[in-house]
Each structure stands twice: as C-alpha cells, then as structure tokens.
Amino acid sequence: MGVIADVRIPAHQFEFGRRLPVHNGDDAEIERVGSVGDGDIAVFSLSETLRDGLDSRVEDPFADVDGCRLEVVETFEDNEIHVVAWDPDIDPFFGLIDDHDGSVRRGTGTADTWTFETKFPGHNAFASFRSACETDQLGVEVERVYNPTRRGTGAWYGLTPRQRRTLELAVQRGYYDIPRRCTTIELADELGISDQAVTERLRRGIVTFVTNALLFEGSE
C-alpha cells in the first residue's frame, strides 16, 4: 500500500534548489510530467515564476550537469512550456528518494525552502528514506504523510493550500457555472497572481483531486 508524503527542505541544501533560485516574495511550482531513458530521469514542467526567472538568465543553469537539461518542448497560442530533465544521481536528496523506490510528483518553492509531494511504495520505504536524510543531515522535515489508496484520507486529497484556495474561489465565484459567472482574469485579480497561474493551479488541482479521490490504487 503506497504512501504520499510532503517533505520540506531548505533551498540551499540540495542541488536543484541552488540552481533554480526563487526570488524573495515569489512562489514557484514544478510538476512531474514524465520520464526519459529507462524511466530513471524525471521530467518536470516549470511554473510561470520559474520560466520568467530563466528567461532573464543568459546561461542554462544546468549546462554543466550531465544527465540534466532544460528545454522548451512545446508552444501553444504563444505559450512556452519549459521542462527540466533531472537525474537523481547528481543530487543527494533526490538520490535518496530514488534509492528508496520513491518518486517526486510535484513541488512548491520559495526563496528559502521547497516542499515536495513524494510517493513511496510503503511506510517502511518512507521510514528508511527519512532515516537516511537524518543521517546525511539534509535538513529534511516531514509536513504530512497520508495514504492515497483510502478514500477520504490525507490532507484534502493531496491538494496544496494554493490549489485548494483557487478551486474553492473558482466554485464560489461561479467559474464552473453555466453560463460562467467569472473569468480566470477576475480570479487572478482577487488572488494577486497572473491569469496563467490561475489556469495552472486549477488544472493541477483537478488532476490531483481526481487522481487521489477517484483513481486511487486498489479501487474495486
């Protein structure tokens, strides 16, 4: 029976956080969208905050790292999708997750810390990962652990606070009504974020909720 755990780590304590710094006051998000090779190298999409930061940089922050690369893989209606392929072997934190058969599903970061939603095959595997992090003094803290295979468990089916707030506001303001009573632009103004960020949060929130509430493992 698998478990999902939200773990927090200081940005300076792992390679990914050092190479993708987040400006003070900003929030960043990454989401796993697939893998390459034999499945060992994860591919993450980057949120608007990270894309804007990368666009302002002259050099690719991963140019000197074997097994990692940053690419623009798709354009749709002038929207670029940035993805980064990340080999866990180059980073002790991600390496420990991989060593204990875990995977990173998504992450949110600030200038100081990153919080990752991770999935492990069971509580024993996660406990071993946690012990290894303590041994290596990585500064990892566990925020919550829940079982996605039991309906109704966990912290809001794995939704992040931002995703939950955005979904709640969308329903309250009539975004999903027919006819629609508000737009993503209006939601963005109320939340103090961009229109595209609202769209990303709604999409990720819906995918997370459906995955954990409806498509959970062990369903009959």
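Residues numbered from 1 in each chain as written. Predicted model: local features only at pLDDT ≥ 70, side-chain atom pairs only at ≥ 80, totals over all residues. Heavy atoms only, no water.

The subject of this paragraph is the pairing of strand β6 (residues 103–109). Looking along a regular strand, one sees the side chains alternate between the two faces of the sheet. Taking burial as the measure, the seven residues of β6 include six buried ones, the bulk of the element. Where β6 lies against strand β7 (residues 113–120), six bridges are found, and the strand directions are antiparallel. Bridge pairing links G109 to W114 in β7. Linkage of β6 to β7, two consecutive antiparallel strands, is achieved through a turn of three residues. (Buried < 20%, exposed > 50% of the residue type's maximum accessible area, 1.4 Å probe, protein only. Helix = DSSP H or I, 4+ residues; strand = E, 2+ residues; numbered from the N terminus. Pairing = 2+ DSSP bridges.)

One can describe the packing of helix α3 (residues 92–99) onto helix α4 (residues 123–135) by two numbers: an axis separation of 9 Å at closest approach and a directional angle of 150°. Between α3 and α4, the angle falls in the class roughly antiparallel. Judged by the sense of rotation from one axis to the other, the crossing of α3 with α4 is right-handed. Across the interface between the two elements, F93, L96 and I97 from α3 touch F129, A132 and C133 from α4. Its residues assigned to classes, the contact of α3 with α4 shows six nonpolar, no polar and no charged. (Axes fitted to C-alpha atoms, helices over the stretch in contact; angles between N-to-C directions. Parallel < 35°, antiparallel > 145°, perpendicular 65-115°, else oblique. Left-handed = near helix turned anticlockwise from the far one by under 90°. Contact = heavy atoms within 4.5 Å. Nonpolar A, V, L, I, M, F, W, Y, C, P; charged D, E, K, R; others polar.)

Before going further, it helps to examine the nonpolar core. Ranked by internal contacts, the top residues of the largest apolar core, which has 32 residues, are F16, F93, F94, W114, F116 and F129. Those elements giving two or more residues to this core turn out to be β1 (3–10), β2 (28–36), β3 (41–46), β5 (79–86), α3, β7 and α4. The greatest single-element share of this core, amounting to five residues, is contributed by α4. Look past the residues within four positions of F116 in its chain and what remains in contact with it is A5, D6, V7, I9, F14, I30, F93, F94, V104, R106 and G107. Residues Y175, L187, A188 and L202 belong to the second largest nonpolar core, which totals 10 residues. (Core = buried A, V, L, I, M, F, W, Y, C linked by side-chain atoms within 4.5 Å.)

This brings us to the side chain of T184. Take T184: it is sitting in helix α6 (residues 184–191). The residues touching T184, leaving out its near neighbours within four places in the chain, are Y175, D195, V198 and T199.

This part is about a nonpolar patch on the surface. A cluster of nonpolar residues, V171, Y176 and I206, forms a patch on the protein surface that exposes about 270 Å² of accessible area. The exposure class of Y176 is partly exposed, given its relative accessible area of 38%. (Patch = residues over 30% accessible without salt bridge, like charges linked within 9 Å, V, L, I, M, F, W, Y side chains within 5 Å. Areas by Shrake-Rupley, 256 points an atom, 1.4 Å probe, with all protein chains shown as cover. Salt bridge = Lys/Arg side-chain N within 4 Å of Asp/Glu carboxyl O.)

This next bit is on the side chain of R201. Within the fold, R201 resides in helix α7 (residues 195–213). Notably, R201 is buried but unbridged: the nearest opposite-charge side chain belongs to E29, and the N-O separation is 4.1 Å. Ignoring sequence-local partners within four residues, the contact set of R201 consists of E29, R162, Q163, T166 and I193. (Lys, Arg positive; Asp, Glu negative; His and termini not counted.)

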